[in-house]
Amino acid sequence: MHSETTSTRNDWKKHEVIDLYQLPFNDLLYLAHRIFRENHDPNKVQVSTLLSVKTGSCSEDCSYCPQSGHYDTEIEKERLLSLDEVKINAKAAREAGASRFCMGAAWRNPSDKNLDQVIKMIEVVKDLGMETCVTVGMLTEPQAQKLKTAGLDYYNHNLDTSPEFYGNVITTRTYQDRLDTLEHVRNSGINVCSGGILGMGESREDRAGLLLQLANLPQHPESVPINMLIKIKGTPLEHVDDLDPFEFIRTIAIARILMPKTYVRLSAGREEMNEQTQALCFFAGANSIFYGETLLTAKNPETEKDRALFNKLGIQADSVNDSVNPSLHSEVNAEIDTQVAVSQAASIN
Ligand code: SAM
Ligand code: DTB
Ligand code: SF4
């Protein structure tokens, strides 16, 4: 029974994903949590810290983004940071407990000169013993290979939403451009980090469409960030309606079910979320977060607040992507089966 639920599939159908969304909340969370336990330690969360190494004036028109040059937002634009600035920030992140350092740049794509500068930054971070991740826009295959040779561990490039909704959000690059970059990253051997944003006014079907795209890639991304839109003043999405947090939690749960072995990241938007919503996301299968008081430009919870939340929930920051001992988890699952049988028998009587 359990192997059925945890086998990795790349042929999910839209109606299957919609059916999952339509399950009663408790049934969906139970299913997701069970798959979570079979594949991961449910009390460990991987922790990464972000740094914007080049901020603002981006040529793209992503409607959610504070860094797009198309909108009048309140961010401070910044040139490319120096290697010293990167080192100071990465060291601070390591001391605060982050195991991965992610660097982002507001570029449509890096020039070859930009890429050489990013490679130097990767080397600085690797020298500190941290895992590295970068998100610097579209990549050609030779550029991805160059990053692999430099020792990059993860590349983040989001699909953001469904192919159908995409044109409402971004017009300056296509969905296919994004898929091409993901293919270049995958072919180079770098771990793929790709996800999207919820709460941009998309429908449930669009959320299902995003998950379907990610889960039906030839290989599941190692990391899937699910962001809740942070509504940025001056962007076209500034006044979009709030998404119901239960729909956000459901999406996390379904990501966990479709991609059992992936690290599902409870990503941007935690500052606006209460602790109970975050706890349900962790229960539903989220097992990584961004840690540190700023994301790229927007606010993230204070590190003390995150530490306190982890303490309340008995969650430990995971320093390595260690895999779970499967025999331990079949014991746990046997226990769950017994509990379910007992409660079913009780409800019959
Ligand atoms: N410029 C590069 C690119 O777009 O490929 C990398 C940086 S970009 C800021 C990384 C991701 O951050 C976006 O793809 C988007 O998913 C997320 N993001 C940006 N602004 C956001 C917002 N206001 N709320 C939630 N997520 C956001
Ligand atoms: C991702 O999916 N979310 C992060 C990371 N990947 C690069 C970025 C969130 C950005 C939120 C808006 C900001 O800080 O400017
Ligand atoms: Fe530029 Fe990336 Fe922001 Fe789009 S998401 S505007 S590409 S920085």
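Residues numbered from 1 in each chain as written. Chains lettered and ligands numbered in written order. Predicted model: local features only at pLDDT ≥ 70, side-chain atom pairs only at ≥ 80, totals over all residues. Heavy atoms only, no water.

This paragraph deals with the overall build of the protein. Looking only at helices and strands, one finds 13 helices and 10 strands in the protein. For the protein, buried positions account for 55% of its 349 residues. Long-range contacts, defined here as pairs at least 24 residues apart, represent 76% of the contacts in the protein between residues at least 6 apart. For the protein, the exposed area adds up to about 15,400 Å²; of that, 51% sits on carbon and sulfur atoms. (Helix = DSSP H or I, 4+ residues; strand = E, 2+ residues; numbered from the N terminus. Buried < 20%, exposed > 50% of the residue type's maximum accessible area, 1.4 Å probe, protein only. Contact = heavy atoms within 4.5 Å. Areas by Shrake-Rupley, 256 points an atom, 1.4 Å probe, with all protein chains shown as cover.)

Attention now moves to the side chain of Glu247. Positionally, Glu247 belongs in helix H10 (residues 245-258). Looking at Glu247, the relative accessible area reads 8%, which means it is buried. Aside from chain neighbours lying at most four places away, what touches Glu247 is Tyr21, Arg204 and Arg207.

With that settled, consider the site of ligand 1. In the vicinity of ligand 1 lie 18 residues, with Tyr64, Thr135, Asn158, Asp160 and Ile230 positioned nearest. A distance of 3.3 Å is found between a nitrogen atom of ligand 1 and a backbone nitrogen or oxygen belonging to Trp107. A distance of 2.7 Å separates an oxygen atom of ligand 1 from a polar side-chain atom of Asp160. For ligand 1, whose unbound accessible area comes to 560 Å², protein coverage reaches 91%. When the residues that make up the shell around ligand 1 are grouped by side-chain class, the tally is 11 nonpolar, five polar and two charged. (Near = heavy atom within 4 Å. Polar contact = N/O pair within 3.5 Å; in protein donor to acceptor, adjacent residues only side chain to side chain. Nonpolar A, V, L, I, M, F, W, Y, C, P; charged D, E, K, R; others polar.)

A large share of strand S1 (residues 44-54) lies buried, amounting to 10 of its 11 residues. Bridge count between S1 and strand S2 (residues 100-105): six bridges; the pairing is parallel. Residue pairing for S2: Lys54 is matched across the bridge by Ala105. Traced from S1 through helix H4 (residues 83-96) to S2, the parallel crossover comes out right-handed. (Pairing = 2+ DSSP bridges. Right-handed = clockwise from strand over helix to strand, strands pointing away.)

So, about the confidence of the model for the protein. Per-residue pLDDT for the protein has a mean of 90; in total, 89% of the residues score no lower than 70. Ignoring residues within four places in sequence, the model shows residues 1-5, a span with pLDDT below 50, making seven contacts including any to other chains. Contacts from residues 320-344, a stretch scored under 50 in pLDDT, to residues over four places away or in other chains number 25 contacts. (pLDDT = per-residue confidence, 0-100.)

We now examine the site of ligand 3. Every residue lining ligand 3 is accounted for by Cys58, Glu60, Cys62, Tyr64, Cys65, Ser68, Ala106 and Arg173. Tallied by class, residues from the shell around ligand 3 come to five nonpolar, one polar and two charged.

Take the pattern of salt bridges next. Counting across every chain of the model gives 19 salt bridges. The closest approach of N and O atoms between Arg178 and Asp160, which form a salt bridge, is 3.3 Å. On the criterion of sequence distance, the pair formed by Arg178 in helix H8 (residues 175-188) and Asp160 in the loop between strand S4 (154-156) and helix H7 (163-166) is long-range, its members being 18 residues apart. Classification of Arg178 as buried rests on a relative accessible area of 3%. Asp160 gets classed as buried once you look at its relative accessible area, which sits at 2%. The residue Glu247 makes a salt bridge to Arg207 at a minimum N-O spacing of 3.0 Å. Here Glu247 is found in helix H10, whereas its partner Arg207 is found in helix H9 (residues 204-215), with 40 residues between them in sequence. We classify Arg207 as buried; its relative accessible area is 7%. (Salt bridge = Lys/Arg side-chain N within 4 Å of Asp/Glu carboxyl O.)

Among the structural elements, Ile75 can be located in the loop between S1 and H4. Note: C-alpha distance between Ile75 and Ala298 (223 residues apart in sequence) is 8.9 Å. Residues in contact with Ile75, not counting those within four places in the same chain, are Thr55, Gly56, Pro66, Gln67 and Thr297.

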